[in-house]
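# A closer look at the structure
Residues per chain are reported as follows:
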2 protein chains.
Amino acid sequence: MVPHLITALSGPINELEQRVLESMPAIERWFRLEWMEHTPPFYCSVDIRNAGFKLSPVDTNLFPGGWNHLTQEMLPLAVQAAMAAIEKICPEAKNLLIIPENDTRNTFYLSNIAQLQRIFHMAGLNVRVGSIDPDVKESTRIDIPGGDTLCLEPVVRSKYRLGLKDFDPCTILLNNDLSAGAPGILEDLHEQYLLPPLHAGWTVRRKSRHFQSYEEVAKRFGKMLGIDPWLINPMYSRCGELDLDQPQGLECLTTQVDGLLTRIRKKYKEYGINEKPFVVVKADNGSHGRGILTVRDVRDLAQLERKARGKPGVAGALQGRETIIQEGVLTNERMHEAVAEPVVYMMDRYVVGGFYRVHAERGVDENLSGPGAGYVPLAFAESTRLPQPGQKPGASAPNRFYMYGVIARVALLAASYELESTDPEAETYE
Amino acid sequence: MVPHLITALSGPINELEQRVLESMPAIERWFRLEWMEHTPPFYCSVDIRNAGFKLSPVDTNLFPGGWNHLTQEMLPLAVQAAMAAIEKICPEAKNLLIIPENDTRNTFYLSNIAQLQRIFHMAGLNVRVGSIDPDVKESTRIDIPGGDTLCLEPVVRSKYRLGLKDFDPCTILLNNDLSAGAPGILEDLHEQYLLPPLHAGWTVRRKSRHFQSYEEVAKRFGKMLGIDPWLINPMYSRCGELDLDQPQGLECLTTQVDGLLTRIRKKYKEYGINEKPFVVVKADNGSHGRGILTVRDVRDLAQLERKARGKPGVAGALQGRETIIQEGVLTNERMHEAVAEPVVYMMDRYVVGGFYRVHAERGVDENLSGPGAGYVPLAFAESTRLPQPGQKPGASAPNRFYMYGVIARVALLAASYELESTDPEAETYE
């Protein structure tokens, strides 16, 4: 499987990894058969955490940014996958319109858009970038780091189609996660392909719904591999809207955190794991790593309550939001002595690359997104050897990224199930 | 388009290349629509010659060897394309059987088989290598250059299926061009996928039939681009079985060579090309660069006749064979001061890599295969810049390999038409 990337963790292969490597043909076949029945999201990135004893996705992004962190060497893979994706969706396509986030002062984000434009241009499409920000009223050329220039143009909406002046796309690629809601200008575009669909945006999407699908898929995957699905599945629960101003505001959160910590403790005991369990509390929709709280003890939540009364911060970010409480997964990976987590990028059903997100100032049980995070692109491993099933664990050069690509694709498949179940236009047979 | 490889020829972009680069979206769309109607050969390599004023395929190999010359960096592309190919043909596949050439004392050839095994293993299949050589009676482990070991096993044929002991493949991948005829052991395998099909072997296949399809496809491609198809199409004619022992044995060849040289001269005059026309005479079926004759003047053929009376060599190799007379295309490419021609590798519809075939002792109008040939693998170009349509020719880094990949895919498409027209099981409607 691809890509054969250098990984930071070069220690011996553990039991889970050994099982995954040995089962490669069965795993790939399983995916092939699943993709006959289910459509993969157009593109996707998955944050992975490898605790050594457990390996889980912790975030599945359906509007991935950061494509600029992939190396030049990975570009051909992304281009080839893009060709496959376009061919399936709209073979007669000539024009593709990319819709970025509205905040386009962030030139690092625009590097990501320029990279996407490059990928789809190299896949053979005319690609232009249209902003749905009402403040963008005329075409603007923006210089971005690395010497590229991006041309941002205002979109033009007709009754049934969205485009630019003199540019009528067959497919519209959203790189805007619609955190601020799905704008009317994107609705009722029945003549064009809008990908990912509107219900993949955060107005409709819920992390807990994704992890519900993931749990279901992980159970079947675990059954095929003969492993406890917990080894790849982070447990979770959820609460409705949080009102920290109410005396009983933390009641649900306290109950759920307590219950989840107990379930993790039980699992740690079962596997003889000598680590302190923790959970992560975050908004059930939304992104960008704001308002993420690591909780090791239910008493930590009381602090949250006191902090909320007066100053903003995590409490402010969670106030009024539905929350998901997720089993915390340690990351065992280090790059340059900083805590690191792999991020896997996919286009259509293909893993096309990845990198490490590193944060020198954060701990192994903390979220690594946000200010101070760095990105270490991964090179292709030079070794031509794959881990050989017949050899002793650790005897052959491990390529952890195969396993990461498998788990990322399990999350991708879960996202496919999730989008099917939340599709407002799905036909239901009763 | 991919792969973005370093090319030897770094001069300014000429008019044809400029047209190809500008038409990228139209070209890719054209291929997408063609592949909706036609099935690409499973894999293919195409020898390309770039004369500067003209760019042509000169050989389209449907049982490509030399996969070992692709670099490690290209492997992920080949694996991804293999996944796409397998998914389309037999998604429920677990096992793949590779059938190599019978002469397995050539360990460089076996490196090619080991590379194919690696690619399909990484695509998630159990891959084993089965010999149809009756002399291979038991499993043999063979050490090959680079430290790999290949296990060669005797095939086991049942009434309807071919496999190995305890190994029942869904798909059988032929890497044997059947120059010696299609053996009975490969016939009537209606329960399994045999790829490429038997009629792609040299018992049925004719180069002239391929170039007939190529001409047809090149005409349509040229029309789309608004170019004279001759710029990408080598003219050809053919003769029946050559009998050099007869007094009139060279009659057909002389007429055809003379006629073709005249047609080339006319084209050179039309384009103001100051080169000496030449043609290449070779067997209409078969491979391996034996019996290839470069003819600059019809009188060269008389030498062939005299030479034939007594000693073997080119004449011996052509004796009794049907021949194709093909317009010679100079190669303008040099690597390390030796004459070079690019070879493009494809899997399914995707260009997955390439290299230069170089020969220090041969001229620009000679065949570069055969003893003394070397292979220079291509690295991915480091430049992130694509040639920009808006820029002056030569102002941006050219990536000649895009154009080579396009011409190789035109030949791939021609091979698809060719195999459709020669399929003995094709249904005909009258």
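Residues numbered from 1 in each chain as written. Chains lettered and ligands numbered in written order. Predicted model: local features only at pLDDT ≥ 70, side-chain atom pairs only at ≥ 80, totals over all residues. Heavy atoms only, no water.

Two faces belong to every sheet, and in a regular strand the side chains alternate between them. All names here are of chain A. Residues Thr171 and Leu173 line one face of strand β9 (residues 171-174) and the alternating positions Ile172 and Leu174 line the opposite face, and both faces are buried. Examined bridge by bridge, strand β3 (residues 95-99) and β9 share four bridges and lie parallel to one another. Within the sheet, the bridge partner assigned to isoleucine 99 lies in β9 and is leucine 174. As paired strands, β9 and strand β10 (residues 193-195) are joined by three bridges and run parallel to one another. Among the inter-strand pairings, threonine 171 is bridged to a residue of β10, identified as tyrosine 193. (Buried < 20%, exposed > 50% of the residue type's maximum accessible area, 1.4 Å probe, protein only. Helix = DSSP H or I, 4+ residues; strand = E, 2+ residues; numbered from the N terminus. Pairing = 2+ DSSP bridges.)

Another aspect to go through is the sheet that holds strand β4 (residues 126-131) of chain B. Residue and element names in this part refer to chain B. On the basis of which strands lie adjacent, the open sheet formed by six strands has the order β5-β6-β4-β3-β9-β10 and mixed pairing. Across the chains shown, the open sheet's two edge strands, defined by having one partner strand only, are β5 (140-143) and β10 (193-195). Adjacent strand axes in the sheet meet at a mean angle of 30° when their direction is disregarded. Strand direction decides the pairing type here: β5 and strand β6 (residues 149-154), joined by four bridges, are antiparallel. Across the sheet, residue arginine 141 finds its bridge partner in β6, namely cysteine 151. (Axes fitted to C-alpha atoms, helices over the stretch in contact; angles between N-to-C directions.)

What follows concerns the nonpolar core. If you look at the biggest cluster of nonpolar residues, it comprises 90 residues, and the most contacted ones within it are Phe120 and Met347 of chain A together with Phe120 and Met347 of chain B. Non-local contacts of methionine 347 of chain A, meaning those with residues more than four positions away in its chain, are made with Phe42, Tyr43, Trp67, Ala78, Ala81, Ala82, Ile119, Phe120 and Val352 of chain A. By size, the runner-up hydrophobic cluster in this structure holds 86 residues, among which are Val46, Leu164, Ile232 and Leu304 of chain B. (Core = buried A, V, L, I, M, F, W, Y, C linked by side-chain atoms within 4.5 Å. Contact = heavy atoms within 4.5 Å.)

Take a negative patch on the surface next. Negative charge collects at one region of the surface, where Glu187, Asp188, Glu420, Asp423 and Glu425 of chain B lie side by side. Residue position: aspartate 188 of chain B is located in the loop between β9 (171-174) and β10. (Patch = residues over 30% accessible without salt bridge, like charges linked within 9 Å, V, L, I, M, F, W, Y side chains within 5 Å. Areas by Shrake-Rupley, 256 points an atom, 1.4 Å probe, with all protein chains shown as cover. Salt bridge = Lys/Arg side-chain N within 4 Å of Asp/Glu carboxyl O. Lys, Arg positive; Asp, Glu negative; His and termini not counted. Charge placed at Lys NZ, Arg CZ, Asp CG, Glu CD.)

Another point: the sheet that holds strand β12 (residues 279-283) of chain B. Residues and elements named next belong to chain B. Taken in spatial order, the four strands line up as β11-β14-β12-β13 in an open sheet, and their pairing is antiparallel. Two strands in the sheet have a free side with no partner beyond their single neighbour: β11 (236-239) and β13 (293-295). On average, each strand axis in the sheet is tilted by 25° relative to the strand beside it, whichever way the strands run. Where β12 lies against strand β14 (residues 323-327), five bridges are found, and the strand directions are antiparallel. Of the residues in β14, the one forming a bridge with valine 279 is glutamate 327. Sitting on the sheet, helix α6 (residues 251-271) touches β11, β12, β13 and β14, and the angle it makes with β11 is about 175°.

We now examine the packing of helix α5 (residues 207-225) of chain B against helix α9 (residues 400-422) of chain B. How two helices pack is summed up by the angle between their axes together with the distance between the axes. Residue and element names in this part refer to chain B. Close contact between α5 and α9 brings their axes to 8 Å; oriented N to C, the two are set at 125°. One element, α5, and the other, α9, form an angle in the oblique class. Considering the relative orientation of α5 and α9, their crossing is right-handed. Each of Arg209, His210, Ser213, Tyr214, Glu216, Val217, Ala218, Arg220 and Phe221 in α5 lies in contact with α9, whose residues at this interface are Val406, Ile407, Val410, Ala411, Leu413, Ala414, Ala415, Tyr417, Glu418, Ser421 and Thr422. (Parallel < 35°, antiparallel > 145°, perpendicular 65-115°, else oblique. Left-handed = near helix turned anticlockwise from the far one by under 90°.)

Residue and element names in this part refer to chain A. For the coordinates displayed, the defined rule picks out 40 salt bridges over all chains. A salt bridge links arginine 299 to aspartate 297; the nearest nitrogen and oxygen atoms lie 2.9 Å apart. Residue class for arginine 299 comes out exposed when judged on its relative accessible area of 64%. Look at aspartate 297 and you get partly exposed, because its relative accessible area is 22%.

Moving on: the packing of helix α1 (residues 15-22) of chain B against helix α2 (residues 24-37) of chain B. Residues and elements named next belong to chain B. The contact between α1 and α2 brings their axes to 5 Å, and the two run at 70°. Taken together, α1 and α2 sit at an angle that is classed as roughly perpendicular. On α2, the residues touching Val20, Leu21 and Glu22 of α1 are Met24, Pro25 and Ile27. Residues belonging to the contact of α1 with α2 are distributed by class as follows: five nonpolar, no polar and one charged. (Nonpolar A, V, L, I, M, F, W, Y, C, P; charged D, E, K, R; others polar.)

Let's shift gears to the domain arrangement of chain A. All names here are of chain A. Structurally, chain A comprises domain 1 (1-62 + 206-234 + 329-422), domain 2 (83-203) and domain 3 (235-327). Taken together, the 19 residues of domain 1 in the interface contact 23 residues of domain 3. Interface area for domain 1 against domain 3, summed over the two sides, is near 2,100 Å², with a carbon-plus-sulfur share of 53%. Taken together, domain 1 and domain 3 are joined by three salt bridges. With a closest N to O distance of 2.8 Å, lysine 54 and glutamate 327 form a salt bridge. At the surface where domain 1 touches domain 3, the tally comes to 11 residue pairs in polar contact (both at pLDDT 80 or more). No other element matches helix α5 (residues 207-225), which puts four residues into the side of domain 1 that touches domain 3. (Domains from an automatic or database assignment. Buried area = accessible area lost by both parts, 1.4 Å probe. Polar contact = N/O pair within 3.5 Å; in protein donor to acceptor, adjacent residues only side chain to side chain.)

It is worth spelling out the packing of aromatic side chains at this point. Summed over all chains, the structure comprises 24 aromatic pairs over all chains. Seen in terms of ring centroids, tryptophan 67 of chain A and tyrosine 345 of chain A are 5.0 Å apart; in terms of plane orientation they differ by 70°. Their pairing is edge-to-face. With a gap of 278 residues between them, tryptophan 67 of chain A in the loop between β2 (55-61) and α3 (75-89) and tyrosine 345 of chain A in strand β16 (residues 338-347) connect regions that are remote in the sequence. Accessibility assignment for this pair places tryptophan 67 of chain A and tyrosine 345 of chain A in one class, buried. Considering the side-chain rings of phenylalanine 53 of chain B and tryptophan 230 of chain B, the 6.5 Å spacing of their centres and the 20° angle between planes classify their relative orientation as stacked. (Phe/Tyr/Trp six-rings, centres within 6.5 Å; stacked < 30°, edge-to-face > 60°.)

Under the defined criterion, the tally for this structure stands at four disulfides over all chains. At a sulfur-sulfur separation of 2.1 Å, the disulfide partner of cysteine 239 of chain A is cysteine 252 of chain A. Negative torsions about the S-S bond denote left-handed disulfides, and the value of about -95° found for cysteine 239 of chain A with cysteine 252 of chain A makes this one left-handed. Separated by 13 residues along the polypeptide, cysteine 239 of chain A in strand β11 (residues 236-239) and cysteine 252 of chain A in helix α6 (residues 251-270) bring together distant segments of the chain. The exposure class assigned to cysteine 252 of chain A is partly exposed, which follows from its relative accessible area of 33%. Between cysteine 90 of chain B and cysteine 170 of chain B runs a disulfide, and the two sulfur atoms are separated by 1.9 Å. The S-S bond linking cysteine 90 of chain B to cysteine 170 of chain B shows a torsion near 135°; that makes this disulfide right-handed. (Disulfide = S-S within 2.5 Å.)

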